[in-house]
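A closer look at the structure
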Amino acid sequence: MSQPFKDAFNIFYFIGFILVLLIPTLPATLSWLKFSGLL
């Protein structure tokens, strides 16, 4: 009974972990897109 809850928790934890890893790259990505003229 606790297995689906554990799986869902792991999925949310994984997504949150990826978002936290991507946060520092957002300014660099935006500035690169502006520099390349895509924005």
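Residues numbered from 1 in each chain as written. Predicted model: local features only at pLDDT ≥ 70, side-chain atom pairs only at ≥ 80, totals over all residues. Heavy atoms only, no water.

Brief notes about the overall build of the chain
- For the chain, the helix and strand inventory stands at two helices and zero strands.
- Total accessible area on the chain stands at roughly 3,900 Å², and carbon and sulfur atoms take up 80% of it. (Helix = DSSP H or I, 4+ residues; strand = E, 2+ residues; numbered from the N terminus. Areas by Shrake-Rupley, 256 points an atom, 1.4 Å probe, with all protein chains shown as cover.)

Let's talk about a nonpolar patch on the surface
- A cluster of nonpolar residues, Ile11, Phe12, Phe14, Ile15, Phe17, Ile18, Leu19, Leu21 and Leu22, forms a patch on the protein surface that exposes about 920 Å² of accessible area.
- With respect to the helices, strands and loops of the structure, Leu19 is situated in helix H1 (residues 2-22). (Patch = residues over 30% accessible without salt bridge, like charges linked within 9 Å, V, L, I, M, F, W, Y side chains within 5 Å. Salt bridge = Lys/Arg side-chain N within 4 Å of Asp/Glu carboxyl O.)

Some details on the UniProt feature "transmembrane region" (unreviewed entry) in the chain
- In the numbering used here, UniProt assigns the "transmembrane region" (unreviewed entry) feature to residues 12-33.
- Secondary structure across residues 12-33 comprises 86% helix and 0% strand; the distance between its end C-alpha atoms is 29 Å. (UniProt positions renumbered as here; feature names shortened; annotations may be inferred.)

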